[in-house]
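Residue-level structure breakdown
If you want the building blocks of each chain, they are given just below.
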There are 2 protein chains.
Amino acid sequence: MKKISEAVVRRLPVYLQILNDLNKREVQTVSSQELGNKLDLNPAQIRKDLAYFGEFGRKGIGYDVNYLIEKIRQILKLDQPLSVGLVGAGNLGRALCNYNMYLKDNMKIMGVFDANPSIVGTAINSLTVLPMEDLVSKVAELNIRIGIITVPAGAAQNVADRFVEAGVSGIVNFAPAILRVPDHIRIHYADFTRELLSLAYYLEKEGDNDNEPAVD
Amino acid sequence: MKKISEAVVRRLPVYLQILNDLNKREVQTVSSQELGNKLDLNPAQIRKDLAYFGEFGRKGIGYDVNYLIEKIRQILKLDQPLSVGLVGAGNLGRALCNYNMYLKDNMKIMGVFDANPSIVGTAINSLTVLPMEDLVSKVAELNIRIGIITVPAGAAQNVADRFVEAGVSGIVNFAPAILRVPDHIRIHYADFTRELLSLAYYLEKEGDNDNEPAVD
């Protein structure tokens with residue numbers, strides 16, 4: 001398979017969300033034009049993205065929704081079990097744990113940890129919040145490969161260090177802080193306010209003469 | 001000013017986060033190479049992005065962190081007040097309200113609404129959760145231009161309709177559902193699990209090389 005660019009990989013979860021939604025509404029095929037409208041990308045870009053991992057569109061018919069879902073899940077390796085650990089059982093941490101339920105994928109949050117003794121021992125759905133002291137042993141026991149950080153910015157580096165020490169392969173950091181991790185650890189920054197902040201650009205431009213975004 | 005592409009606009013909040021972090025650590029200048037490392041983009045792309053809105057990098061010195069922060073805030077119009085409303089005072093809604101405190105920007109959540117009578121009247125920081133019946137009047141009163149949706153997927157379309165009826169200009173939807181809105185409303189989809197899902201792609205690739213079984 002051709003190497004898939006980072007930008008395309010980051011769009012795959014968005015494709016997946018849209019396709020899952022179409023599937024729920026029992027839509028069986030979708031054109032690159034329709035996907036483009038939903039994603040705010042031009043159809044040529046969509047076709048180019050999907051061509052990275054093989055040709056499944058059919059002229060005049062479009063893409064088979066179910067097949068595309070399966071294919072993207074395979075590419076993202078969401079068809080295999082993948083254990084996730086989360087540190088920081090605050091509002092955002094809890095929201096992410098709740099999201100667990102939506103995922104048909106095998107990627108699941110298996111352990112939740114918090115440094116606050118008054119939160120340790122409480123339940124989030126089927127998970128019990130564990131103390132930080134258990135992090136290293138539980139990461140090994142549950143084969144946790146990804147660590148999610150949902151603690152305040154000031155505590156994030158320490159949590160990242162603990163995850164690295166415990167042996168995870170990747171980290172998703174929701175704290176508004178840039179973290180230092182060894183080169184062999186992959187870190188993704190999840191800024192859940194990005195879409196909010198970028199929306200302002202388009203709104204205020206309304207007053208100007210031309211607010212059409214350029215396509216690249 | 002040259003038209004800024006959608007991809008660049010979406011990267012601006014990320015630049016801003018990184019620059020704010022550098023600023024907090026009292027770093028005064030940053031090179032495109034350093035920004036590139038932090039953003040996982042090549043320095044040429046960084047220079048191209050920043051050139052969209054004028055030249056502020058200086059050869060051998062780099063970019064002035066403070067100046068860049070101010071400039072990006074101006075471009076995103078975060079230097080002007082912008083009122084935001086939020087429907088859905090669950091965990092994610094509360095996390096976003098807490099994030100309010102971090103923002104030095106003038107974009108603030110000014111009204112929080114929920115359909116659940118047992119949540120209405122409770123406080124989130126300085127905000128009191130309001131009933132849905134107040135949405136239209138409060139959007140006008142508080143000059144709310146952006147609506148955030150943090151309700152379950154099944155309720156999201158109805159909330160979007162209410163926001164449109166109330167007269168917002170833009171919507172940020174966190175619910176895992178595709179929504180129909182009139183053409184003059186700008187909608188951004190905020191998938192707060194995107195970075196998590198795309199991380200799997202990179203992790204599993206690791207295994208491909210070194211522990212692929214020899215048999216099939």
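All of the points below concern the structure found in this document. Quick caveat, the model's predicted, so the values are computed rather than measured.

Attention shifts here to the pattern of salt bridges. In a structure, side chains of opposite charge can pair up when their charged atoms sit close to one another. Residue and element names in this part refer to chain B. As enumerated under the stated definition, the model contains 12 salt bridges over all chains in all. Across the pair D21 and R25 runs a salt bridge whose closest N-O atoms are separated by 2.8 Å. Residue R25 is classed as partly exposed on the basis of its relative accessible area, which comes to 44%. R73 is the partner of E70 in a salt bridge, and the nearest nitrogen-oxygen pair spans 3.7 Å. Note that E70 and R73 are positioned in helix α4 (residues 65-75) at a spacing of 3 residues, about one turn of the helix.

Here we come to the interface of chain A and chain B. Taken together, the 67 residues of chain A in the interface contact 66 residues of chain B. Summing the contributions of chain A and of chain B, the shared interface buries around 7000 Å²; its carbon and sulfur component is 64%. At the surface where chain A touches chain B, the tally comes to 2 salt bridges. At the junction of chain A with chain B, the criterion picks out 6 residue pairs in polar contact (both at pLDDT 80 or more).

Bringing the relation of the copies chain A and chain B into the picture now. When chain A is fitted to chain B, the residual RMSD is 0.0 Å, and the transformation amounts to a turn of 180 degrees plus an axial shift of 0.0 Å. One copy is carried onto the other by what is essentially a two-fold rotation axis. Considering only C-alpha atoms, the residue of chain A closest to the rotation axis is N91 of chain A, which sits at 2.3 Å. Counting the interface residues of chain A, we find that 93% of their copies in chain B are interface residues as well, pointing to one common contact surface.

Residues and elements named next belong to chain A. The strand order across the open sheet built from 6 strands is β7-β4-β3-β8-β9-β10, with neighbouring strands paired in parallel fashion. The two strands at the open ends of the sheet, each matched to only one other strand, are β7 (130-131) and β10 (186-189). With 4 bridges joining them, strand β8 (residues 144-149) and strand β9 (residues 170-173) adopt parallel strand pairing. Following the sheet pairing, I146 is matched in β9 by G170. Packing of helix α7 (residues 153-166) onto the sheet brings it into contact with β3 (82-87), β8 and β9, and relative to β8 it is tilted by some 175 degrees.

Residue and element names in this part refer to chain B. Within the secondary structure, V139 is located in helix α6 (residues 135-141). Look at V139 and you get buried, because its relative accessible area is 4%. Taking the C-alpha atoms as reference points, V139 and V168, 29 residues apart in sequence, are found 7.4 Å from one another. V139 has contacts with I144, A166 and V168, leaving out every residue within four places of it along the chain.

Further remarks concern the environment of L41 of chain A. Residues and elements named next belong to chain A. Relative to the helices and strands, L41 is located in the loop between α2 (32-39) and α3 (43-51). With a relative accessible area of 24%, L41 lands in the partly exposed category. Taking the C-alpha atoms as reference points, L41 and N20, separated by 21 residues in sequence, lie 18 Å from one another. Excluding anything up to four places from it in sequence, L41 contacts R11, Y15, G36 and I46.

Moving on: the pairing of strand β9 (residues 170-173) of chain B. Residues and elements named next belong to chain B. On β9, burial covers both faces: G170 and V172 on one face and I171 and N173 on the other are all buried. As defined by bridge partners, β9 adjoins strand β10 (residues 186-189) across 4 bridges and the pair is classed as parallel. Among the inter-strand pairings, N173 is bridged to a residue of β10, identified as Y189.

Next up on the list: the nonpolar core. One finds L19 of chain A together with L19 of chain B to be the most contacted residues of the largest nonpolar core, which totals 155 residues. Ignoring any residue separated from it by four or fewer positions in sequence, one finds L19 of chain A in contact with V30, L35, V65, L68, I69 and I72 of chain A.

Quick look at α3 of chain A now. Residue and element names in this part refer to chain A. For α3, every residue scored as buried is listed here: P43, Q45, I46, D49 and L50. Angular distribution of buried residues about the axis of α3 spans 155 degrees; they occupy a single face of the element. On the buried face of α3, the contacting elements are α1 (6-24), α2, β2 (63-64) and α4 (65-75). Of the residues flanking the start of α3, the one acting as N-cap is N42, its side-chain oxygen 3.0 Å from the backbone nitrogen of A44.

The next point concerns unusual backbone geometry. Phi at N143 of chain A takes a positive value of approximately 55 degrees, unusual for a residue other than glycine. For N143 of chain A, the position within the fold is in the loop between α6 (135-141) and β8. Positive phi outside glycine occurs at K77 of chain B, with the angle close to 60 degrees. Secondary-structure assignment places K77 of chain B in the loop between α4 and β3 (82-87).

Here we take up the side chain of S32 of chain A. Residue and element names in this part refer to chain A. Looking at the element boundaries, S32 is found in helix α2. Residue class for S32 comes out buried when judged on its relative accessible area of 9%. Sequence-distant contacts of S32, defined by excluding residues within four places in its chain, comprise P43, I46, R47 and Y63.

Attention now goes to helix α5 (residues 91-99) of chain A. Turning to α5 of chain A, its buried residues are L92, G93, A95, L96, C97 and Y99 of chain A. Its buried side turned inward, α5 of chain A meets β3, β4 (107-114), β5 (123-124), β6 (127-128) and β8 of chain A together with α5 (91-99) of chain B.

In total, this model carries 2 aromatic pairs over all chains according to the counting rule given. An angle of 85 degrees between the planes, with centres 5.0 Å apart, marks the rings of Y201 of chain A and Y202 of chain A as edge-to-face. On the accessibility criterion, Y201 of chain A (5% relative accessible area) is buried. Against the face of Y202 of chain B rests R186 of chain A, its NZ or CZ located 3.5 Å from the ring centre.

About the criteria used
- Residues numbered from 1 in each chain as written.
- Chains lettered and ligands numbered in written order.
- Predicted model: local features only at pLDDT ≥ 70, side-chain atom pairs only at ≥ 80, totals over all residues.
- Heavy atoms only, no water.
- Salt bridge = Lys/Arg side-chain N within 4 Å of Asp/Glu carboxyl O.
- Buried < 20%, exposed > 50% of the residue type's maximum accessible area, 1.4 Å probe, protein only.
- Helix = DSSP H or I, 4+ residues; strand = E, 2+ residues; numbered from the N terminus.
- Contact = heavy atoms within 4.5 Å.
- Buried area = accessible area lost by both parts, 1.4 Å probe.
- Polar contact = N/O pair within 3.5 Å; in protein donor to acceptor, adjacent residues only side chain to side chain.
- Least-squares fit on C-alpha atoms with pLDDT ≥ 70 in both.
- Pairing = 2+ DSSP bridges.
- Axes fitted to C-alpha atoms, helices over the stretch in contact; angles between N-to-C directions.
- Core = buried A, V, L, I, M, F, W, Y, C linked by side-chain atoms within 4.5 Å.
- Arc of directions from axis to C-beta.
- Phe/Tyr/Trp six-rings, centres within 6.5 Å; stacked < 30°, edge-to-face > 60°.
- Lys NZ or Arg CZ within 6 Å of the ring centre and 35° of its normal.

None of this, on its own, says anything about what the molecule does.
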